[in-house]
Amino acid sequence: MNPMDFPKYFADAETSFKDAEIILFGVPYDKTTSFRPGASKAPDKIREASWNFETYNIRTNFDLREAKFHDYGNIDVKNDKPEIMIKKVKDITSRILNEKKFPIAIGGEHSITPGIIQAFPKDIAVLSLDAHIDFRDEYEKESFNHACVIRRIADHVNIKNIAVLGVRSAEKEEFIEAKKQGLFYVDSYEIRKEGIQKTLEKTKQYLKNKKIYLTLDIDVIDPSFAPGVSTPEPFGLTTFDVLECIEFFSSQLVGFDLVEVCPPYDHGETSVLAAKIVRLVIENIYSNK
Ligand code: MN
Ligand code: MN
């Protein structure tokens, strides 16, 4: 079957909004992108790629057809200013949380995440997997730029409850400020040296048993595995590192997003990986039920 002939929703999302326990929505937004635009095309490309897989996964021993999960479609943000986009993302997330459902967002660029976080209580923890520390207070005169994500999240969640893994890129001043404010991060070189399990245990100890929101900027993964991203950065994590991270924290998760896939620079492999990771998160949530 031609990919164009597959349904437009994420594979196996066959449950109604009302009956679903997990709600997926797309945020096709890339207006603050600094290097390569195109992330707004990602939600639909990732949905298309999702039809590639068998419904059953031998790793999780779970068949996705058993998940009560709904694809809400994309929210209409394409031409919005960042503040308006953030508000719309917050509103849909609040609606999902009010109905005690688990939100999964697919970007779009990373600038969407603070909108999601604003809908959560302030006492959650946030785990960000990202090649970039995203700790600028402002970038190109825009405080909701995708380079300022962690800074904006820290406006809502105490910085002591934020952890960033896989970092390997920042401005010097940005790093100094992150250190000064006590941001917990582990760079990709240390993860490589220590091993991912040790890193995850250290991170768990730091975040204690808090509920965790996981934001996955797919550029945390090495460009050899995930080349189709807006701002590629060599010396990244492996796909297995990310798998282990999701499995390790899945019992604590309260929400998830996957951002920064950039289809114009992808031959399909990054979208396929993204779709697989979204499926993995859902499967792991069910494995913990
Ligand atoms: Mn980012
Ligand atoms: Mn990044």
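All of these numbers come straight from a predicted model, not from anything done at the bench.

The rules behind each value
Residues numbered from 1 in each chain as written. Chains lettered and ligands numbered in written order. Predicted model: local features only at pLDDT ≥ 70, side-chain atom pairs only at ≥ 80, totals over all residues. Heavy atoms only, no water. Donors = N, O, S within 2.8 Å, 3.2 Å for Na, K, Ca; no water. Helix = DSSP H or I, 4+ residues; strand = E, 2+ residues; numbered from the N terminus. Buried < 20%, exposed > 50% of the residue type's maximum accessible area, 1.4 Å probe, protein only. Phe/Tyr/Trp six-rings, centres within 6.5 Å; stacked < 30°, edge-to-face > 60°. Lys NZ or Arg CZ within 6 Å of the ring centre and 35° of its normal. Contact = heavy atoms within 4.5 Å. Polar contact = N/O pair within 3.5 Å; in protein donor to acceptor, adjacent residues only side chain to side chain. Pairing = 2+ DSSP bridges. Axes fitted to C-alpha atoms, helices over the stretch in contact; angles between N-to-C directions.

Moving on to the coordination of the manganese ion (ligand 2). For the manganese ion (ligand 2), the protein coordination sphere consists of Asp130 (OD), His132 (ND1), Asp217 (OD), Asp219 (OD) and Asp219 (OD), at 2.1 to 2.4 Å. Of note, the manganese ion (ligand 2) draws all its donor residues from one chain, in the sequence arrangement D-x1-H-x84-D-x1-D. The two metals, the manganese ion (ligand 2) and the manganese ion (ligand 1), are separated by 3.3 Å and share aspartate 130 as a common coordinating residue. Placement of the pair is aspartate 130 in the loop between β6 (125–129) and α4 (149–153) and aspartate 219 in the loop between β9 (212–217) and α8 (239–249), with a sequence separation of 89 residues. Of the two residues examined, aspartate 130 and aspartate 219, each falls in the buried class.

Across all of its chains, the model carries ten aromatic pairs by this definition. Look at phenylalanine 6 and tryptophan 51: their rings are 5.8 Å apart centre to centre, the planes differ by 20°, and that puts the pair in the stacked class. Placement of the pair is phenylalanine 6 in the segment before β1 (22–27) and tryptophan 51 in the loop between α1 (42–50) and β2 (56–57), with a sequence separation of 45 residues. Among the aromatic side chains, those forming a connected cluster through ring pairs are Phe6, Tyr9 and Trp51. The ring of tyrosine 265 carries arginine 36 above its face, with NZ or CZ at 4.0 Å from the centroid. The ring of phenylalanine 17 is capped by arginine 95, whose NZ or CZ atom sits 4.2 Å from the centre of that ring.

This paragraph deals with α8. Among all positions of α8, only Asp241, Val242, Leu243, Cys245, Ile246 and Phe249 are buried. Taken together, the buried residues of α8 touch β6, α7 (196–207), β9, β10 (253–259) and α9 (269–287). Where α8 begins, the capping side chain belongs to threonine 238, and its oxygen is found 3.3 Å from the backbone nitrogen of phenylalanine 240.

Quick look at the pairing of strand β7 (residues 162–167) now. Of all six residues making up β7, six are buried, and the element is well covered by its neighbours. Across four bridges, β6 lies against β7 in parallel orientation. When the bridges of β7 are listed, valine 126 appears paired with isoleucine 162. The pairing of β7 with strand β8 (residues 184–187) spans four bridges and is parallel. Residue pairing in the sheet places valine 164 in a bridge with tyrosine 185 of β8.

It is worth spelling out the sheet that holds strand β4 (residues 69–74) at this point. Read across the open sheet, the eight strands follow the order β4-β1-β5-β10-β9-β6-β7-β8; overall the sheet is parallel. Pairing within the sheet leaves two strands with one partner each, and these edge strands are β4 and β8. The mean inter-strand angle of the sheet, taken between neighbouring strand axes irrespective of direction, is 15°. Here β6 runs beside β9; their pairing, made up of five bridges, is parallel. Each residue of the ladder has a partner; that of leucine 127, found in β9, is leucine 214.

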